[in-house]
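# Reading the structure
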Amino acid sequence: MTEATAPRLVPLPVHEWDERTIAMLCGHVGAADRYLSGEPDAPRMPNILGVFAHHTELASAWLAFNGLLLERPALDPLDRELVILRVAWRSGSGYEWSQHARMAAGLGLDEHQIRAVRHGPAAPGWSPVQRLLLTTTDELLERHCVTDRTWTELARHFDERQLIELLFVAGSYLCLAMVFNSVALQPDPEIDRPRPSELPEMEEQP
């Protein structure tokens, strides 16, 4: 992925937010609420929320949806993060990859496994379910549909609610990756910029 030297859409600084914007973005995702608390020790606003602030109604709806995936999931969070990382790598989203590599590590995915995501289901060391999740993600990205064989295997491990959520996780984070890439979302200042070898590269599409 070729990173833009400057954002195409500059994140809106929090001091320019009005009370309505803050009120509409609160109450959906616990992590976002901490940034918006206004407390003296509140962490610095991440760039993603600054971009969302340009379209409050859409951002509020998106955060409500995303909050369900992150905080009230049907899927095991580690399974979710594995799918998101594969989407981030295949879509070339450095911002999404950096954010979710940290989240996956916090959930127990080790550095070797995080690196192996770049090589997909063919990489050694995956459990059968992890390999299946990576295969599912690749099929969704390449075919926009899961094959019959993969769906049959998924149904042996996941119930109907989890199957629906799995499809929405892959699709929603592809949507986010397209937004991040298109607005040239920059790394958050307090987060170390990944080394070039750790950033996603665009893959040739079939």
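### Side note on the environment of Thr136
Along the chain, the position of Thr136 falls in helix α8 (residues 128–143). Between the alpha carbons of Thr136 and Glu153 there is a distance of 10.0 Å; along the sequence they are 17 residues apart.

### What to know about the packing of aromatic side chains
A complete count under the given rule lists four aromatic pairs for this structure. A ring pair is formed by Phe65 and Phe168, whose centres lie 6.0 Å apart and whose planes are at 70 degrees; its orientation type is edge-to-face. Of the two residues, Phe65 sits in helix α4 (residues 56–71) while Phe168 sits in helix α10 (residues 160–182), which places them 103 residues apart along the sequence. With relative accessibility at 47%, the residue Phe168 sits in the partly exposed group. When the ring of Tyr95 is compared with that of Phe180, the centres are 5.2 Å apart and the planes differ by 65 degrees; the resulting orientation is edge-to-face. Here Tyr95 is found in helix α6 (residues 94–107), whereas its partner Phe180 is found in helix α10, with 85 residues between them in sequence. Linked through ring pairs, Trp62, Phe65 and Phe168 together constitute an aromatic cluster.

### Some thoughts on unusual backbone geometry
Despite not being glycine, His144 shows a phi value in the positive range, around 60 degrees. One can find His144 in the loop between α8 and α9 (148–157). When its relative accessible area of 66% is taken as the criterion, His144 is described as exposed. Unusually for a residue other than glycine, Ala184 sits at a positive phi of about 55 degrees. Its place among the elements puts Ala184 in the segment after α10. On the basis of relative accessible area, Ala184 is assigned to the buried category, the value being 7%.

### Quick look at the packing of α8 against α9
Closest axis-to-axis distance for the α8/α9 pair is 10 Å, and the angle between their directions is 135 degrees. By the criterion of interaxial angle, the relationship of α8 to α9 is oblique. Crossing angle aside, the handedness with which α8 passes α9 is left-handed. Residues Val129, Leu132, Thr135, Thr136 and Glu139 of α8 pack against Thr150, Glu153, Leu154 and His157 of α9. For the contact of α8 with α9, the residue count by class is three nonpolar, four polar and two charged.

### Side note on the nonpolar core
Where a protein is soluble and globular, its nonpolar side chains tend to be buried together. Within the largest apolar cluster, 46 residues are counted, with the highest numbers of intra-cluster contacts made by Phe52, Leu85 and Trp97. Among the secondary structure elements, those contributing two or more residues to this core are α3 (47–52), α4, α5 (77–91), α6, α7 (111–116), α8 and α10.

### A word on the environment of Arg90
Structurally, Arg90 can be placed in helix α5. Among the residues examined, Arg90 registers a relative accessible area of 6% and is labelled buried. Along the sequence, Arg90 and Val117 sit 27 residues apart, while their C-alpha atoms lie 9.8 Å from each other. Among the polar contacts listed, one links the side chain of Arg90 to the side chain of Glu142, at a separation of 3.1 Å.

### Observations regarding the environment of Gln186
Along the chain, Gln186 turns up in the segment after α10. Taking the C-alpha atoms as reference points, Gln186 and Arg8, 178 residues apart in sequence, are found 9.8 Å from one another. Polar side-chain contacts of Gln186 include one of 2.7 Å to the backbone oxygen of Ala184.

### Some words on the confidence of the model for the protein chain
Summing up the model confidence of the protein chain, the mean pLDDT is 86 and the portion of residues at 70 or higher is 82%. For residues 192–197, every residue scores under 50 in pLDDT, and the model assigns this stretch eight contacts once sequence neighbours within four places are set aside. Scored below 50 in pLDDT, residues 202–206 shows 11 contacts in the model against residues more than four places distant or in partner chains.

Each value, and the rule that gives it
- Residues numbered from 1 in each chain as written.
- Predicted model: local features only at pLDDT ≥ 70, side-chain atom pairs only at ≥ 80, totals over all residues.
- Heavy atoms only, no water.
- Helix = DSSP H or I, 4+ residues; strand = E, 2+ residues; numbered from the N terminus.
- Phe/Tyr/Trp six-rings, centres within 6.5 Å; stacked < 30°, edge-to-face > 60°.
- Buried < 20%, exposed > 50% of the residue type's maximum accessible area, 1.4 Å probe, protein only.
- Axes fitted to C-alpha atoms, helices over the stretch in contact; angles between N-to-C directions.
- Parallel < 35°, antiparallel > 145°, perpendicular 65-115°, else oblique.
- Left-handed = near helix turned anticlockwise from the far one by under 90°.
- Contact = heavy atoms within 4.5 Å.
- Nonpolar A, V, L, I, M, F, W, Y, C, P; charged D, E, K, R; others polar.
- Core = buried A, V, L, I, M, F, W, Y, C linked by side-chain atoms within 4.5 Å.
- Polar contact = N/O pair within 3.5 Å; in protein donor to acceptor, adjacent residues only side chain to side chain.
- pLDDT = per-residue confidence, 0-100.

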